[in-house]
Amino acid sequence: MPSPPPPDFASLSLAEIARLAEENRLPPVESWNPQHCGHSDMRIARDGSWFHQGSPIGRPAMVRLFSTILRREPDGRFVLVTPVEKLDIDVEDAPFVAVEMKAEGEGAGMRLGFRLNTGDLVTAGPEHALRFEEREDGPRPYLHVRRGLEALVARSVYYELAEIALANGSTPPGVWSDGAFFPLEPEA
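All figures in this text were calculated on a predicted structure; none of them were measured in a lab. (Residues numbered from 1 in each chain as written. Predicted model: local features only at pLDDT ≥ 70, side-chain atom pairs only at ≥ 80, totals over all residues. Heavy atoms only, no water.)

*Asks:* Provide a residue-level description of the packing of aromatic side chains, including the pertinent values.
*Replies:* When we look at a pair of aromatic rings, we describe it by the centre distance and by the angle of the planes. For the structure shown, the criterion picks out four aromatic pairs. Centre to centre, the rings of Phe 132 and Tyr 158 are 6.2 Å apart; their planes meet at 45°, and the pair counts as tilted. Taken as a pair, Phe 132 in strand β10 (residues 130-135) and Tyr 158 in helix α3 (residues 155-168) lie far apart in primary sequence, 26 residues in all. In terms of burial, Phe 132 and Tyr 158 fall into one category: buried. The ring of Phe 51 has Arg 43 lying over it, and the distance from NZ or CZ to the ring centre is 4.2 Å. (Phe/Tyr/Trp six-rings, centres within 6.5 Å; stacked < 30°, edge-to-face > 60°. Helix = DSSP H or I, 4+ residues; strand = E, 2+ residues; numbered from the N terminus. Buried < 20%, exposed > 50% of the residue type's maximum accessible area, 1.4 Å probe, protein only. Lys NZ or Arg CZ within 6 Å of the ring centre and 35° of its normal.)

Structure representation (structure tokens):
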């Protein structure tokens, strides 16, 4: 049975985003420990595009399905895991991309909701931290999604975060969401 299409992000309130994120039932991949079976011949590009044997996976429902069985191993590798097999998958940066953001409230009372390229919804907060990493090509913001999996925050969304941080007037510049403060400074 195909998974339903993701909800229209623009029409959702942050309360609805938080509720839908909580209701999202994922397979218990952390409890599955089959033998390693090889490589999936799959790759997730930096822009969040999924490929199989070098060709893009054009069906969003397939990408959503595969994303639900994605796991990060203790050694940092990414795998697709089911109860009977575990296959490596190459990930160029982060397995997800935060492509849209909604903000409600002000200062410490602000909440930030994100829509990922897979349709998943995440509310930043203590369980879903934002972090910033300095790279040669500039800062890269990441959002913790689940169990060691992160989303690279798209450049346009990063600019929205920076605008909020500058308006906050905090030192260091940063954003609040769900009671947690996230400085825009890269981690040391």
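*Asks:* So what's going on with the sheet that holds β10? Which residues, and what values?
*Replies:* Backbone-to-backbone hydrogen bonds pair the strands of a sheet. The strands run either parallel or antiparallel. Taken in spatial order, the six strands line up as β9-β8-β7-β12-β11-β10 in an open sheet, and their pairing is mixed. Every interior strand has two partners, whereas the edge strands, β9 (121-123) and β10, have only one. With direction set aside, neighbouring strand axes in the sheet form an average angle of 40°. Pairing between β10 and strand β11 (residues 138-146): six bridges, direction antiparallel. Each bridged residue has a counterpart across the sheet, and for Glu 133 the counterpart in β11 is Arg 140. Its contacts with the sheet put α3 on β7 (96-104), β8 (111-116), β10, β11 and β12 (149-153), and the angle it makes with β7 is roughly 35°. (Pairing = 2+ DSSP bridges. Axes fitted to C-alpha atoms, helices over the stretch in contact; angles between N-to-C directions. Contact = heavy atoms within 4.5 Å.)

*Asks:* Could you give an account of unusual backbone geometry, with specific residues and numbers?
*Replies:* In this model, Thr 171 is joined to Pro 172 through a cis peptide bond whose omega is 0°. Positive phi values are uncommon outside glycine, yet Asp 41 reaches one of about 60°. Along the polypeptide, Asp 41 turns up in strand β1 (residues 36-44). For Asp 41, a relative accessible area of 43% corresponds to the partly exposed category. With a phi close to 50°, Gln 53 is a non-glycine residue in the positive phi region. Among the structural elements, Gln 53 can be located in the loop between β2 (50-52) and β3 (55-56).

*Asks:* Requested: an account of the sheet that holds strand β4 (residues 70-72), with residues and values cited.
*Replies:* Ordered by their spatial adjacency, six strands build an open sheet running β3-β2-β1-β6-β5-β4, and the pairing between neighbours is mixed. A strand with exactly one partner marks an edge of an open sheet, and here the two such strands are β3 and β4. Bridge count for strand β5 (residues 78-81) against strand β6 (residues 86-91) is three bridges, and the pairing is antiparallel. Paired with Leu 80 across the bridge in β6 is Leu 87.

*Asks:* Any chance you could break down the nonpolar core for me, citing the residues and the numbers?
*Replies:* Within the largest apolar cluster, 41 residues are counted, with the highest numbers of intra-cluster contacts made by Leu 112, Phe 114, Leu 130, Leu 161 and Val 175. A per-element tally of this core places α3 first, with five residues. (Core = buried A, V, L, I, M, F, W, Y, C linked by side-chain atoms within 4.5 Å.)

*Asks:* Mind laying out α3, listing which residues take part and the relevant values?
*Replies:* Residues three or four positions apart in an α-helix share a direction because the helix packs 3.6 residues into each turn. Taking 1.5 Å of rise per residue, the 14 residues of α3 would be expected to cover 20 Å, and the 20 Å separating its terminal C-alpha atoms lies within 8% of that figure. The set of residues buried in α3 consists of Val 157, Tyr 158, Leu 161, Ile 164 and Ala 165. Projected down its long axis, α3 carries its buried residues within an arc of 120°, all on one side. Seen from the buried face of α3, the exposed residues on the opposite side, beyond 90 degrees, are Tyr 159, Glu 163, Leu 166 and Ala 167. Residues of α3 that are buried make contact with β7, β8, β10, β11, β12 and β13 (174-177). In the stretch just after α3, Gly 169 is the one whose phi turns positive, near 70°. (Expected span 1.5 Å × (residues − 1). Arc of directions from axis to C-beta.)

*Asks:* Give me the lowdown on the pattern of salt bridges, citing residues and values where you can.
*Replies:* Scanning the entire structure with this criterion turns up 15 salt bridges. Between Arg 111 and Asp 178 there is a salt bridge whose closest N-O contact spans 3.3 Å. Residue Arg 111 is found in strand β8, and its partner Asp 178 is found in the loop between β13 and β14 (180-183); the two are separated by 67 residues along the sequence. Connected through salt bridges with shared partners, the residues Arg 71, Glu 73, Asp 75, Arg 77, Lys 86 and Asp 88 form a single ionic network. (Salt bridge = Lys/Arg side-chain N within 4 Å of Asp/Glu carboxyl O.)

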